[in-house]
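Spelled out from the first residue to the last, the chains are:
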Amino acid sequence: MRVIVCDNYEKMSYEAARIFASQIIIKPNSVLGLATGSTPIGLYNCLAKMYENGELDFSEVTTFNLDEYYPIAHENDQSYHYFMNENFFSKVNVPEDNIHIPDGSTDNPALECKNYEKEIDRYRGIDLQILGIGQNGHIGFNEPAEILEPNTHVTDLTQNTIEANSRFFESIDLVPTKAITMGIGSIMKSKKILLLASGSGKKEIVKKLLSSGIDTNIPATMLKAHPDVTLICDREAYED
Ligand code: PGA
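Each value, and the rule that gives it
- Residues numbered from 1 in each chain as written.
- Predicted model: local features only at pLDDT ≥ 70, side-chain atom pairs only at ≥ 80, totals over all residues.
- Heavy atoms only, no water.
- Core = buried A, V, L, I, M, F, W, Y, C linked by side-chain atoms within 4.5 Å.
- Buried < 20%, exposed > 50% of the residue type's maximum accessible area, 1.4 Å probe, protein only.
- Contact = heavy atoms within 4.5 Å.
- Helix = DSSP H or I, 4+ residues; strand = E, 2+ residues; numbered from the N terminus.
- Pairing = 2+ DSSP bridges.
- Near = heavy atom within 4 Å.
- Polar contact = N/O pair within 3.5 Å; in protein donor to acceptor, adjacent residues only side chain to side chain.
- Areas by Shrake-Rupley, 256 points an atom, 1.4 Å probe, with all protein chains shown as cover.
- 1 Å grid on protein atoms, 1.4 Å probe; cavity = no way out; pocket = protein on both sides within 12 Å on 5 of 7 lines; lining within 4 Å.
- Sits in = over half its atoms within 2 Å of the grid points.
- Nonpolar A, V, L, I, M, F, W, Y, C, P; charged D, E, K, R; others polar.

Caption draft 1: Representation of the nonpolar core in the model. Ranked by size, the top nonpolar core spans 67 residues in total, and within it F20, L43, L47, F58 and F88 carry the most contacts. When neighbours within four sequence positions are excluded, L47 is seen to be in contact with A17, F20, A21, L56, F58, F88 and V92.

Here it is, written out as structure tokens:
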């Protein structure tokens with residue numbers, strides 16, 4: 001795992017944006033894996049600026065988001081559909097038909113998961129996947145467990161994740177307890193992976209990630225088996 005340590009959040013976001021932009025410039029019809037949460041917002045802002053300045057064109061790209069709460073309506077302002085539209089898709093020119101986000105409003109989640117995985121495979125995997133990391137080491141909503149699911153699946157959120165995400169909700173009781181998420185195998189099919197970590201709240205997990213072997217109780221350590229992963233973090237998230 002290559003590690004890039006940046007002075008602060010802005011520089012981390014810009015560094016990630018430069019790599020993301022290179023991918024699109026080299027391959028305009030790239031398949032890009034996107035993440036939600038606080039961490040990638042700076043990256044999305046940088047990419048939107050590059051688009052505005054005429055430096056980047058998203059007209060041929062395809063995107064797959066990592067996960068979505070379940071059940072949740074697309075219009076719910078806590079849904080990842082809403083988040084992606086607010087923070088990214090409304091600011092750039094990704095064609096609507098090329099956007100994939102698990103459907104949290106489906107009444108057949110098992111079929112949704114199966115179709116989502118099939119669609120990733122139809123594109124022969126993701127060229128560049130952006131990931132955040134949970135304080136408990138989750139990637140997507142692949143929570144710590146003895147056994148990790150390879151493919152897109154419905155999962156229960158751990159109490160730790162519900163608490164971490166409650167900051168976005170009026171009350172903790174409103175945080176959904178389930179999600180649809182790409183599995184570890186879906187993520188590992190990506191050709192390149194950029195893992196982002198920012199702030200002192202991530203210091204402990206980043207340290208554990210870098211010092212541990214592959215451990216299903218720290219799902220991000222699975223990335224150590226991938227040949228092309230770059231961790232970009234800010235100084236607050238990284239301890240020398
Ligand atoms: P965060 O979430 O970016 O809001 O810290 C990361 C994650 O839980 O994957």
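That shown, we press on.
Caption draft 2: Region of interest: the pairing of strand β10 (residues 229-234). In terms of residue burial, β10 counts as a mostly covered element, since six of its six residues are buried. As defined by bridge partners, strand β1 (residues 2-6) adjoins β10 across five bridges and the pair is classed as parallel. Within β10, the position partnered with V5 by the bridge is C233. Inspection of the sheet shows strand β9 (residues 192-197) paired to β10 by five bridges, in the parallel sense. Opposite I193, over in β10, you have V229 as the bridge partner.

Caption draft 3: Looking closely at the site of the ligand. For the ligand, the full set of nearby residues is G37, S38, T39, G132, I133, G134, H138, R167 and K202. Note that an oxygen atom of the ligand is positioned 2.9 Å from one of the backbone N or O atoms of S38. At a separation of 2.5 Å, an oxygen atom of the ligand approaches a polar side-chain atom of K202. Protein coverage of the free-state accessible area of the ligand, which is 280 Å², stands at 82%. Among the cavities detected, the one that contains the ligand is the largest pocket. Per-class residue counts for the shell around the ligand are one nonpolar, six polar and two charged.

Worth remembering: the numbers are spatial, not functional.
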